Amino acid sequence: MTTSQPRDPASDALPEPEEPAAFLEPPRRHRWGFGAFLLVEAVLLASAAFVSVLVGDTGPGPLPIRVVLLGTMLPTMIAAGVAVLITYLRGNGPVVDLRLEWRWADVRTGFRYGCVGLVFTTLGAYLWTQLVGNANATSAISALVEDRKMSISAAIVMFVYLWLLGPICEEIIYRGLLWGAAEQLQWRSERWGRVAAFLLSTAVFAASHLEPLRTTLLLVIAVPIGLARLVTGRLPASIVAHQVNNFLPALTILLGALGVASF
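Just so we're clear, the structure is a prediction, and the values are computed from it rather than from any experiment. For every chain, the first residue of the written sequence is number 1, and numbering continues from 1 along that sequence. Only residues with pLDDT of 70 or above have their local features reported here, since the model is predicted, and side-chain atom pairs are shown and tallied only from 80 upward, although totals for entire chains, interfaces and linings are computed over all residues. Neither water nor hydrogens contribute to the side-chain values; these are computed over all heavy atoms in the structure.

This paragraph deals with the overall build of the protein. Per the secondary structure count, the protein includes 11 helices and zero strands. A run of H or I in DSSP counts as a helix once it spans at least four residues, and a run of E counts as a strand once it spans at least two, with each numbered from the N terminus. Taken from N to C terminus, the helices and strands of the protein fall in the order α-α-α-α-α-α-α-α-α-α-α. Contacts are assigned to residue pairs with any non-hydrogen atoms lying within 4.5 Å of each other. If you take every contact in the protein between residues at least 6 apart in sequence, the share linking residues at least 24 apart comes to 79%. Carbon together with sulfur atoms contributes 67% to the accessible area of the protein, which is approximately 15,200 Å² in total. Exposure was quantified through the Shrake-Rupley algorithm and a 1.4 Å probe, taking into account, for residues, occlusion by the shown protein chains and nothing else.

Moving on: helix α10 (residues 215-232). Expected span, for any helix, means 1.5 Å times one less than how many residues it has. The end-to-end C-alpha distance of α10 is 26 Å, a good match for the 26 Å that 18 residues give at a rise of 1.5 Å each. Working definition for bend: take the seven residues up to and ending at a residue and the seven starting at it, fit an axis to each, and measure the angle between the axes. In the structure, α10 departs most strongly from a straight axis at alanine 222, where the bend amounts to approximately 25° and where the proline proline 224 lies between one and four residues downstream. Tucked inside the fold, the buried residues of α10 contact α5 (104-132), α8 (152-184), α9 (190-208) and α11 (235-257). Where α10 terminates, the next one or two residues include glycine 233, which has phi positive at roughly 80°.

It is worth spelling out the packing of α9 against α10 at this point. The angle between two axes is taken between their N-to-C directions and runs from 0 to 180 degrees, where each axis is a line fitted to C-alpha atoms and a helix contributes only its stretch in contact. Here α9 crosses α10 at 145°, and the two axes come no closer than 8 Å. Our pair here, α9 against α10, has a crossing hand that is right-handed. Residues Arg194, Val195, Phe198, Thr202, Ala203, Phe205 and Ala206 of α9 pack against Thr215, Leu218, Leu219, Ala222, Val223, Gly226, Leu227 and Leu230 of α10. Partitioning the contact of α9 with α10 into residue classes produces 11 nonpolar, three polar and one charged. Each crossing is labelled by how the near helix is turned from the far one, with a counterclockwise turn of less than a right angle marking it left-handed and a clockwise turn marking it right-handed. By the convention adopted, Pro, Cys, Tyr, Trp, Phe, Met, Ile, Leu, Val and Ala count as nonpolar, Lys, Arg, Asp and Glu as charged, and the other residues, Gly among them, as polar.

One can find asparagine 246 in helix α11. Residues adjacent in sequence count toward polar contacts only when both atoms are side-chain atoms; beyond that, a polar contact is any pair of N or O atoms within 3.5 Å, and within protein one must be able to donate a hydrogen and the other to accept it. In terms of polar contacts, asparagine 246 uses its side chain to reach the backbone carbonyl oxygen of leucine 162, at 2.8 Å. Once residues lying within four places of it in the same chain are set aside, the contact partners of asparagine 246 are Leu162, Trp163 and Pro167.

What follows concerns a nonpolar patch on the surface. Here a patch means residues that are over 30% exposed by relative accessible area and free of salt bridges, tied together within 9 Å if like-charged and within 5 Å if nonpolar (Val, Leu, Ile, Met, Phe, Trp, Tyr). By salt bridge we mean one thing: a side-chain nitrogen of Lys or Arg within 4 Å of a carboxyl oxygen of Asp or Glu. A surface patch of nonpolar side chains, about 430 Å² in accessible area, is lined by Ile152, Ile156, Val160, Leu258 and Val260. Along the chain, the position of valine 260 falls in the segment after α11. On the basis of relative accessibility, which here comes to 59%, the residue valine 260 falls in the exposed class. Type-normalised accessible area, obtained with a 1.4 Å probe on protein chains alone, sets the label of each residue: buried when under 20%, exposed when over 50%, and partly exposed for intermediate values.

It is the contact of α8 with α9, at a shortest axis distance of 8 Å, that shows an interaxial angle of 140°. What the angle tells us is that α8 and α9 run oblique. For the crossing formed where α8 meets α9, the hand is right-handed. Taken together, the residues of α9 that come into contact with α8 (itself represented by Glu170, Tyr174, Arg175, Leu178, Trp179, Ala182 and Glu183) are Gly193, Arg194, Ala197, Phe198, Leu200, Ser201, Thr202, Val204, Phe205 and Ser208. For the contact of α8 with α9, the class distribution of residues is nine nonpolar, four polar and four charged. When describing relative orientation, an angle under 35 degrees is termed roughly parallel and one over 145 degrees roughly antiparallel, while 65 to 115 degrees is termed roughly perpendicular and anything else oblique.

Now for the side chain of histidine 242. Within the secondary structure, histidine 242 sits in helix α11. Beyond its immediate sequence surroundings of up to four residues, histidine 242 is in contact with Pro167, Glu170, Glu171, Arg175, Phe205 and Ile225.

What follows concerns the pattern of salt bridges. This model, assessed by the stated rule, comprises five salt bridges. Notably, a salt bridge pairs arginine 103 with glutamate 101, separated by 3.3 Å at the nearest N-O pair. The salt bridge involving arginine 175 is made with glutamate 171; its shortest N-O contact spans 2.6 Å. In this pair, arginine 175 and glutamate 171 both sit in helix α8, four residues apart, roughly one turn of the helix. Each member of the pair, arginine 175 together with glutamate 171, is buried.

Now for the confidence of the model for the protein. Known as pLDDT, the predictor's per-residue confidence is scaled from 0 to 100. Looking at the protein as a whole, the pLDDT averages 85, with 84% of positions reaching at least 70. Under a pLDDT of 50 for its full length, residues 10-26 has, in the predicted model, two contacts with residues more than four places off or in other chains.

Within 6.5 Å between ring centres, the rings of Phe, Tyr and Trp (the latter by its six-membered ring) count as paired, and their orientation is classed by plane angle as stacked under 30 degrees, edge-to-face over 60, tilted in between. Using the criterion set out here, one finds six aromatic pairs in the structure. Here the aromatic rings of tyrosine 174 and phenylalanine 205 are separated by 5.8 Å at their centres, their planes lie at 85°, and the arrangement is edge-to-face. Of this pair, tyrosine 174 sits in helix α8 while phenylalanine 205 sits in helix α9; the two residues are 31 residues apart in sequence, bridging distant segments of the chain. Taken as a pair, tyrosine 174 and phenylalanine 205 share a single burial class, namely buried. Site record: aromatic cluster; members linked through ring pairs are Phe37, Tyr174 and Phe205. One Lys or Arg, arginine 175, reaches over the ring of phenylalanine 205 and ends 4.6 Å from the middle of that ring. Counted as over-ring charges are cases with an Arg CZ or a Lys NZ within 6 Å of the ring centre that also lie within 35 degrees of the ring normal.

Here it is in structure tokens:
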């Protein structure tokens, strides 16, 4: 005679759904590093040289506006595109590898750091101009379009690029790809890796503009942008901070190009 075991009420419950594997396993460690960043920088320089060859000899005098637009926008956009492609080919894609996760909290943080940075940048630009003179304090792009009229469409394209699109591309390259390469190294702790990435990306960002006289000012500009990335751990915050910082210079160029105001 068999003795029946007491029935376990839990056995009647529905089975727990299985978690997808993507939520159980951490994302793979990406397989790109400083070599990827150097490749992107090489693409940036090669693209600039290609655009120069493509437009050919423009003769004496200032560069045509179409050449200024192409030479300003295309190299950085192409380089940023290559950076994103690398994350797909050698990693987990830009959302994971470059921390391109969208969060409204990061937008607010980026806006705050951008506003603080704008104050320090404006003050720094004034002091730097007093120190080295207006001619030496002007950015390369400002020097190319200074006191030159543009069509409305060209002026708007330049404004949108300098304010919105350019910062996205530059952040992908410097505080995305370069930052990720620095964090990939073996540091004593994750915190030290983030600090090293902040310091390296800030210095390289300033130096990469190839404007030696403005490097110190570019460091002042880069610090709050990098801090937004450091504090949140994600790229959209530094993108927003960069866009806020670029708004006034981009607006100045727009108004000057349209002949609305002279600065």
